[in-house]
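Residue-level structure breakdown
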Amino acid sequence: MTVSSAAGTPRDRVLIFDTTLRDGEQCPGATMTLEEKLEIANLLDTMGVDIIEAGFPIASNGDFEAVSLIASKVKNATVAGLARAVSIDIARAGEAVRHAVRPRIHTFVSTSPIHLAHQMRKTQDEVVEIIIATVGQARNLVEDVEWSAMDATRTSIEFLCRCVEAAIRSGATTINLPDTVGYATPDEYRHMFRTIRERVPSADKAIFSAHTHNDLGLAVANSLAALDGGARQVECTINGIGERAGNAALEEIVMAIRTRGDVLPYETGIDASMLTRASKLAAAATSFPVQYNKAIVGRNAFAHESGIHQDGMIKNAETYEIMTPESVGVSKTSLVMGKHSGRNAFRTRLTEMGYSLSDNQLEDAFVRFKELADRKKHVYDEDIEALVDQNIAMAHDRIKLVSLSIVAGTRGPQRATMKLQIDGTVVTEEQEGNGPVDATFNAIKALVPHEAVLELYQVHAVTTGTDAQAEVSVRLSANDHSVTSRAADPDTLVASAQAYLGALNKLMSRGARLHAQHAAE
Ligand code: KIV
Ligand code: ZN
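Conventions used here
- Residues numbered from 1 in each chain as written.
- Chains lettered and ligands numbered in written order.
- Predicted model: local features only at pLDDT ≥ 70, side-chain atom pairs only at ≥ 80, totals over all residues.
- Heavy atoms only, no water.
- Axes fitted to C-alpha atoms, helices over the stretch in contact; angles between N-to-C directions.
- Helix = DSSP H or I, 4+ residues; strand = E, 2+ residues; numbered from the N terminus.
- Parallel < 35°, antiparallel > 145°, perpendicular 65-115°, else oblique.
- Left-handed = near helix turned anticlockwise from the far one by under 90°.
- Contact = heavy atoms within 4.5 Å.
- Nonpolar A, V, L, I, M, F, W, Y, C, P; charged D, E, K, R; others polar.
- Pairing = 2+ DSSP bridges.
- Phe/Tyr/Trp six-rings, centres within 6.5 Å; stacked < 30°, edge-to-face > 60°.
- Lys NZ or Arg CZ within 6 Å of the ring centre and 35° of its normal.

Once that is clear, we can look at the packing of helix H13 (residues 343–352) against helix H14 (residues 359–375). As a packed pair, H13 and H14 sit with axes 11 Å apart at the nearest point and diverge in direction by 110°. With respect to H14, the axis of H13 lies roughly perpendicular. Considering how the two elements wind past one another, H13 and H14 form a crossing that is right-handed. Where H13 abuts H14, its residues Arg343, Phe346, Arg347 and Leu350 lie against Leu362, Glu363, Ala365, Phe366 and Phe369. Partitioned by chemical class, the residues of the contact of H13 with H14 number six nonpolar, no polar and three charged.

Have a look at this one:
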C-alpha cells in the first residue's frame, strides 16, 4: 500500500507487528500477568500497532487465556496467536483468536538444514508437505494466515523459494523470513528478500515480513534492510526485549523511519508520542530495566551533559538533537508535585503522562501519592510512574504487605517483623538474618514457604537525593520458570519486600504451587 506523507511524497506503508507479548515474554524472567498483558495490548492498539502477537496459545492455559482475552478486547489491531506446524497447535490458536475483530494465525516451521537434521529429523520434502497441510488447516479457520520459515537466514534460497511458494499457494497471506539466531548482516538480509520476491511465482500475493534478533546488535539495521528488499511488515518488540539478546526494538524502527524519511521512504501508523509510555509500561510489567543509553527511550537519550553540547543546545536544539523529546512522548517540564497538590492536579499530570486510570485505580494511586508526598519533599514524574505502575501491578495480588519493621545497625543480628495479608488473612512473623534484607526475605519465606530461588536482587535510585525512592528488582525462579518484579519506595527494605512479594504473586498467578499456609484453601 502506498500513502502520501505530509510533504506529499509517496511512501509505502509498513505494517508494525508487535511481538512483545510473545517473543518478548519468552525471554527468561519477563513473565507478565494476564492484567499486565491486557494493559500492554490496549496501549499497543491505541498507539496504532497493526498486528499484536498476543501469545502462544498451546504453550499453557495461561497463554491461551491471555490470547483469548486480548482478542476479545482489542478494538483495531489484528490479533495473532502463534502455532507450531502441528494440527493441535493450529486448532488451539484458531480458538484463541476466534473473537478478535481481525484474527490471525501465525504458524511456523524450521527450514534450515541444521534444524531439519537435529531438531525436526525431517527431509525437505516432508517439510513442504507439512507446510501445505498446516497452512491449509489454518486458512480454513481464519482468512489471515502468516507463515514463518524459522531460521530462514541459514536456509538455502532454493529451498526457501519452494517453501514460500507452497505456503502462499496453501493460503498464507503474510510470509515471514526470520533471522532467528541473529546471524545475518543487512546486505544478506536485503538480498534474501529481494531474491525470494523475484523468484517465487506467487510472491505478489503475500506481504513479506522481517523478524530479526539482536545477537550481533544488527536487529534494527537488518529490519530496515529488509524493507529495502521489499518487506512491508516488521516484527518487533517494545524496548527490544525478546529471546537471548532480544528482537528489533519497535521504537527504534518507528523513529528511524520517521527521522530519516529522506532515505527511508516509508510510513507507519504509530503515534510516536506514545513510545515513552509504552516503554515504561513494558519495563514495569516485565521488570526489565531500560538501559540508560537505550536509543529513543533510555533515560539519557535526550540528556546533554558535556559543556559544548549544552552550549549548542541552548543556542539551537538542532545542533545536537535529531528528534525532539516531545516527539517520542518525553514531557518537557517535569512538574514537581508535593503534599499540597490536590486530586485534580494529580489526575491532570497522570493524563499528560499518558495514563488513563479507572476511578478506583486513580483513588488508590492518589492515596499512595499522598503517603509518598508526606515522606518526600518533591514528587517527580519518575516517582509518579513508579507508584502508578506498581499500583496497577499489585491490584490483583493475593499476598500483600501490611507492615514491616526492622532492627538493623552495627550490632547484629538484624531482625525483621513482618505482617502480610494472604488471601485476606493477616499473619505476622519475626525473623533474623545476615543483614536487614536477608531478615526481610527470611520473614517472607517463613510466612510463605516456597522453593523458588532468588536469581537477582538489584537496587537503584528512581531520582537523585537522599530521599529518592529506591527501586528494587527481584527475580525468582521455580519449576523452570522465572519471573521478575520491581517495586519502589523511599525505604529500600519496604521496596525489597514489595518486589519479592510481587515476584511470588506472579509465580502464583502462573500456577506455581507455593505453600501460603495461611491462605484460604
Ligand atoms: O525467531 C523466530 O524465528 C521466531 C518465529 C517463531 C517467528 O520467533
Ligand atoms: Zn523470534
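Back to the text.
Moving on, we get to the sheet that holds strand S15 (residues 453–461). Taken together, the three strands give an open sheet; going across it, the order is S15-S16-S17, and neighbouring strands pair in antiparallel fashion. Of all the strands in the sheet, the pair left with one neighbour each is S15 and strand S17 (481–489). Neighbour to neighbour, the strand axes of the sheet diverge by 15° on average, direction disregarded. Sheet topology note: the strand S16 (residues 470–478)/S17 ladder contains nine bridges and is antiparallel. Across the sheet, the residue bridging to Leu476 is Val483, located in S17. Against the sheet, helix H17 (residues 492–509) engages S15, S16 and S17, with an angle of about 150° to S17.

The next thing to look at is the packing of aromatic side chains. Under the criterion given, the structure shown has seven aromatic pairs. Judged by centre distance (5.7 Å) and plane angle (85°), the ring pair of Phe441 and Tyr457 falls under edge-to-face. Within this pair, whereas Phe441 is found in helix H16 (residues 436–447), its partner Tyr457 is found in strand S15, the two being separated by 16 residues in sequence. Between the NZ or CZ atom of Arg92 and the centre of the ring of Phe64, over which it lies, the distance is 3.7 Å.

Honestly, it's all geometry; don't read function into it.
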